[in-house]
Amino acid sequence: MISMSRAPTGSDAILLPDRSGETTPAIRGPSIALALGGGGARGLAHIPMLEAFDELGLKPRVIAGTSIGAVFGAAYASGLSAREIRAHTQEILTLRFDLMRELFSARARSANKLLGIFSTRNALLDPLALLDILMPSRVARRFADLKIPLKLVTTNFYAQEAVVITQGDLMPAIAASMALPAIFQPVLYDGYAHVDGGLTNPLPFDLVAGNGDIVVAVDVSGTPTPSADRALPTATEALFASAFIWERSLIKEKLKSARPDIYIDAGTSHFQVLDFLKLPEILAAANPAKQRLKAKLELILSSETVASEATGVLQAVVAPQPLPPAKKKRRGLLGRAPRLRRDKGKTG
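Residues numbered from 1 in each chain as written. Predicted model: local features only at pLDDT ≥ 70, side-chain atom pairs only at ≥ 80, totals over all residues. Heavy atoms only, no water.

1. Here's the deal with the overall build of the protein
Here is the rule we go by: Where helices and strands are cited, they refer to DSSP runs of H or I of at least four residues and of E of at least two residues respectively, numbered from the N terminus. To sort residues, take the accessible area from a 1.4 Å probe on protein chains only and compare it with the maximum for the residue type: under 20% means buried, over 50% means exposed, and anything in between is partly exposed.
Check the secondary structure of the protein and you find nine helices and 10 strands. Per-residue burial over the protein gives 47% buried out of 348 residues.

In structure tokens:
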């Protein structure tokens, strides 16, 4: 099923929920809906956030993902643990494929060389071919095979609208969601040209609002940070950062009208969109955000526990006590209580 929707128009924040959800598959606590945003290499910070869920024994009941959030959301929804996702990502980026170093080092090339590549090809990389290399073999190939329901956001290029994909083939949907223009070539999906979902809905917490007791949104969009040795960004930095300036603006507008119950800024702004080879540094930089997420989730869990225990005590105190059994009247032979008969006189 593909549904068309326009993207609706922070600091860390927590709001105790006032809505109820359905039965949750989580191990304990309230049901949680999770939104994972887009941000290029900054999105490697999603791994520590997923580890926070595993360490607390929690599983989201539904996940929405955009761009790299779609990649990690699909892996987690397929049943891989955060530890397995971390190990696989480390293997891919540091051990198995030296080719990745060349592909993700494109940002270090001169602007002229990049423009030369763009003039002869429609992008640097084919996202679907890249997924064949990068994704763990255990990741589901169809939405129907996922352990957790998943909503992926792409952008219909010509209609200029967000598209939410929830069923069908999974890999083309992920490829479409991550197809950032100029870096990845557009993806033909369901007969339409799709590009990065971050261009219309970079942090899709609105798609899971009402699908759980708690909505958690992880923002990895980041902001451009100045360099210590130059006043202006390089041509490459400006090119790649421009899309994320737009995405950050969209997120700010969304947060003005509605907020998730837990909003986490991953704090990896000083990394660039193609800094995938800086995996250890990005994971380390995201660790404080992971601890904030755990603290906020633990606060909600403890609040739920206290409320539950208080409700139980209150019910025990105000519960009507059973009345003592009434004394039964002695009944006669015919089942009726004998009447007391008063003698009219005495004989002596």
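2. A closer look at the confidence of the model for the protein
Basically, it comes down to this: Here pLDDT means the predictor's own confidence in every residue, given as a number from 0 to 100. The contact definition used throughout considers only heavy atoms, calling two residues in contact when any of these lie within 4.5 Å.
Here the protein averages 78 in pLDDT, and 70% of its residues register 70 or above. Note that pLDDT drops below 50 for residues 106-120; the model gives that stretch 21 contacts with residues more than four away or on any other chain. Contacts of residues 329-348 to residues separated by more than four positions or lying in other chains number seven contacts, the stretch itself having pLDDT below 50.

3. Some words on the side chain of Ser67
This is how it is decided: Here a polar contact is taken to be a pair of N or O atoms separated by no more than 3.5 Å, where protein atoms must pair a possible hydrogen donor with a possible acceptor and residues adjacent in sequence count only if both atoms sit in side chains.
Locating Ser67 in the fold gives a position in the loop between strand S4 (62-66) and helix H2 (68-77). Relative accessible area serves as the criterion here: at 7%, Ser67 is assigned to the buried category. There is a polar contact of 3.1 Å between the side chain of Ser67 and the side chain of Asp196. Filtering out sequence-adjacent residues up to four positions away, Ser67 remains in contact with Gly38, Ser177, Met178 and Asp196.

4. Focus on the packing of aromatic side chains
Two measures describe an aromatic ring pair: the distance that separates the ring centres and the angle between the ring planes. Cut-off, in case you're wondering: Stacked, tilted and edge-to-face pairs are distinguished by plane angle, under 30 degrees for stacked and over 60 for edge-to-face with tilted covering the rest, among Phe, Tyr and Trp rings (Trp via its six-membered ring) whose centres lie within 6.5 Å. Over a ring means this: the NZ of a Lys or the CZ of an Arg is within 6 Å of the ring centre and within 35 degrees of the ring normal.
In the structure shown here, the tally under the stated rule is one aromatic pair. Its guanidinium or amino end placed over the ring of Phe205, Lys254 lies 4.4 Å from that ring's centre, counting from NZ or CZ.

5. Some words on the nonpolar core
Let me state the cut-off plainly: What is meant by a nonpolar core is a set of buried Ala, Val, Leu, Ile, Met, Phe, Trp, Tyr and Cys residues, joined one to another through side-chain atoms within 4.5 Å.
Residues Phe53, Leu150, Leu170, Ile174, Val216, Leu293 and Leu297 are the most contacted members of the largest nonpolar core, which totals 78 residues. With nine residues, helix H9 (residues 279-318) is the single largest residue contributor to this core. Excluding residues within four positions of it along the chain, Val216 makes contact with Ile32, Ala33, Leu34, Ala35, Phe53, Ile262, Leu293 and Leu297. Counting 16 residues, the second largest nonpolar core, distinct from the first, contains Val62, Ala162, Val164 and Ala217.

6. Description of the environment of Leu130
Turning to its location among the elements, Leu130 is positioned in helix H6 (residues 127-134). According to the relative accessible area criterion, Leu130 is buried, its value standing at 5%. Considered as a pair, Leu130 and Phe184 are 54 residues apart in the sequence and their alpha carbons are 9.7 Å apart.

7. What about unusual backbone geometry?
Look at Ser67: it is not a glycine, yet its phi comes out positive at around 60°. The backbone phi angle of Asp190 is positive, close to 55°, even though this residue is not glycine.

8. Digging into the packing of H6 against helix H7 (residues 170-177)
Each pair of packed helices gets described by two things: the angle between the helix axes and the distance between those axes. Definition in use: The axes are straight lines fitted to the C-alpha atoms, using for helices just the contacting stretch, and the angles between their N-to-C directions are given from 0 to 180°. Each helix crossing is assigned a hand: it is left-handed if the near helix lies turned anticlockwise from the far helix by less than a right angle, otherwise right-handed if that turn is clockwise. Under the convention adopted here, Pro, Cys and the residues Ala, Val, Leu, Ile, Met, Phe, Trp and Tyr are nonpolar, Asp, Glu, Lys and Arg are charged, and Gly plus all remaining residues are polar.
At a minimum axis separation of 9 Å, H6 and H7 run at an interaxial angle of 120°. H7 is crossed by H6, and the crossing has right-handed handedness. Between H6 and H7, the residues in contact are Pro127, Leu128 and Leu131 and Met171, Pro172, Ile174 and Ala175, respectively. Considered class by class, the residues forming the contact of H6 with H7 number seven nonpolar, no polar and no charged.

9. So, the environment of Ala74
Topologically, Ala74 is positioned in helix H2. Residue class for Ala74 comes out buried when judged on its relative accessible area of 0%. Residues within four places of Ala74 in sequence aside, it is in contact with Val139, Leu146, Leu150, Leu170 and Ile174.

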